[in-house]
Amino acid sequence: MATDFFTDVPEPVALAGDDAGEGLGYSVYHPDRMVAGRRMEEHLRIAVCYWHSFNWAGNDVFGDGTFDRPWLGDVGDPIAAAESKQDAAFEFFSKLGTPYYCFHDVDMAPPGATLAETEKNLLHMVDRAAAKQAETGVGLLWGTANVFSHPRFAAGAATNPNPEMFAYAAAQVRNALRATHELGGENYVLWGGREGYETLLNTDMRRENDQLARFLHLVAEYKRSIGFSGTLLLEPKPQEPTKHQYDYDSATVRGFLDRYDLLDEYRVNIEVNHATLAGHSFHHEVAYALDNGIFGSVDANRGDPQNGWDTDQFPNSVEELSLAMYEIVRRGGFTTGGFNFDTKLRRQSLSRTDLFHGHIGGIDTLAQALLVAERLIEDGTLEHARQQRYAGWDRGLGQLIGAEGATLDSIAEEVTRSGLDPRPVSGGQELLENHVNRAIWSVT
């Protein structure tokens with residue numbers, strides 16, 4: 001099998017401002033460009049996902065794979081195939097010039113006939129990944145375990161009605177978390193794709209939520225026992241593949257964490273397409289998570305408004321990303337998180353080079369959104385409008401309402417005494433929307 005998989009892209013992708021010649025180049029992204037006091041790379045902390053980019057052949061429920069992916073061919077040796085896939089992945093990371101990647105355990109290593117054999121395969125591939133990381137300088141943003149694809153997890157992993165499935169998932173997560181720690185990962189993600197229900201006719205929701213909480217406590221305890229200093233992340237999604245998923249959105253996750261005394265242990269990994277499937281904007285989910293102290297990381301992608309499912313397309317809307325980016329940057333930015341490209345090509349994008357085009361466009365979109373966020377922060381118009389809107393709470397009646405000892409009676413008496421007859425004040429929404437648009441149009 002070939003060892004150079006992206007020969008049509010012989011050189012690293014040229015950075016914005018550099019001469020790309022006949023090769024590929026970014027239009028906006030440059031890791032060393034200073035934005036709001038930091039290098040652009042430090043703000044965005046971009047990662048490429050292993051699963052959609054290297055472990056998917058372009059198949060769907062209606063058809064076989066369409067992509068040119070020689071590392072997924074039948075080579076008769078699963079370990080040799082996994083090694084080729086890893087070679088392709090790190091070649092891509094290096095040429096794209098991104099600092100991080102993310103993986104599921106079964107993306108990187110083939111399953112064995114037993115759990116012990118599966119663990120052995122993962123250890124081998126982790127050792128090899130560590131060498132690749134040292135060679136290329138690419139780090140691990142986060143790892144995770146796939147405890148949703150195998151038929152044993154059809155009824156969930158932590159929420160499965162059978163304790164045997166819970167135990168198997170616990171062993172798999174232990175191995176993946178340990179692998180993440182050994183690779184210097186900065187986070188570990190748990191996505192509960194099957195942690196929900198298909199019908200309530202045979203479901204005990206209280207029991208299943210209790211089981212999920214027990215599982216998450218076990219993970220947090222294991223994290224501490226091995227000295228993993230990274231962040232544990234839960235990824236909200238309302239449904240798909242289940243009819244209803246228990247970690248529906250960021251607000252639901254926070255309520256769950258509070259109920260089960262897990263608020264100090266977990267943060268959220270917010271996916272753009274999952275936010276819109278939950279009926280929210282990406283901006284809403286990010287703002288809520290930041291306001292409530294659970295913001296961790298982002299899966300950057302987009303959905304198709306004509307479809308009601310998770311399409312995982314490459315982000316291409318500066319408008320959609322700018323306000324979420326504004327919230328992130330004005331609150332201090334990421335700590336251990338970043339923007340992971342949980343994205344996949346369309347099935348008709350057959351060429352290996354299309355992987356570059358998709359990522360380059362998405363990264364430039366993030367970079368442009370970052371520049372817009374910087375403009376909005378420096379201008380201060382949005383923050384000033386927000387402060388002015390609530391300024392009444394810092395004086396007079398607002399202070400009286402919040403004072404210790406205030407009652408409904410005392411507030412009502414003050415209304416009567418002062419002859420209060422309040423009039424509504426304009427929120428100026430259209431003015432602010434126009435201001436955001438002007439920022440988007442003006443930033444170069």
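Everything here concerns the structure above.
Just so we're clear, the structure is a prediction, and the values are computed from it rather than from any experiment.

Asker: How should the sheet that holds strand β8 (residues 231–234) be read in this particular structure?
Answerer: One key point about sheets: their strands pair by backbone hydrogen bonds, in either a parallel or an antiparallel sense. Taken together, eight strands build a closed barrel; the order of strands is β3-β4-β5-β6-β8-β10-β11-β12 and the barrel is parallel. In this sheet, neighbouring strand axes are inclined to one another by 30° on average, regardless of whether the strands run parallel or antiparallel. Here strand β3 (residues 46–49) runs beside strand β12 (residues 339–341); their pairing, made up of three bridges, is parallel. Bridge pairing links V48 to F341 in β12. Helix α6 (residues 163–182) rests against β4 (100–104), β5 (139–144) and β6 (187–190) of the sheet, and its axis sits at about 155° to β6. Contacts from helix α8 (residues 250–259) reach β8 and β10 (266–271), with the element oriented near 165° to β10.

Asker: What is the right way to look at the layout of surface pockets in this model?
Answerer: Unfilled space is identified by rolling a water-sized probe across the atoms. Approximately 1,300 Å³ is the volume attributed to the largest pocket. Along its surface, the largest pocket is lined by 40 residues, and H52, E240, D310, D312 and K344 are the ones closest to its centre. Contributing elements (two or more residues each) for the lining of the largest pocket: α2 (50–54), α4 (105–108) and β5. In terms of residue class, the lining of the largest pocket is made up of 14 nonpolar, eleven polar and 15 charged. Here the second largest pocket is characterised by a volume of approximately 1,100 Å³. For the second largest pocket, the lining is made up of 32 residues, of which L382, R386, R389, Q429 and L432 are closest to its centre. Those elements that provide at least two residues to the lining of the second largest pocket are α10 (282–291), α11 (318–330), α13 (381–389) and α16 (429–442). In terms of residue class, the lining of the second largest pocket is built from twelve nonpolar, eleven polar and nine charged.

Cut-offs applied
- Residues numbered from 1 in each chain as written.
- Predicted model: local features only at pLDDT ≥ 70, side-chain atom pairs only at ≥ 80, totals over all residues.
- Heavy atoms only, no water.
- Pairing = 2+ DSSP bridges.
- Helix = DSSP H or I, 4+ residues; strand = E, 2+ residues; numbered from the N terminus.
- Axes fitted to C-alpha atoms, helices over the stretch in contact; angles between N-to-C directions.
- Contact = heavy atoms within 4.5 Å.
- 1 Å grid on protein atoms, 1.4 Å probe; cavity = no way out; pocket = protein on both sides within 12 Å on 5 of 7 lines; lining within 4 Å.
- Points joined across faces, edges and corners; volume = space filled by probe spheres on them.
- Nonpolar A, V, L, I, M, F, W, Y, C, P; charged D, E, K, R; others polar.

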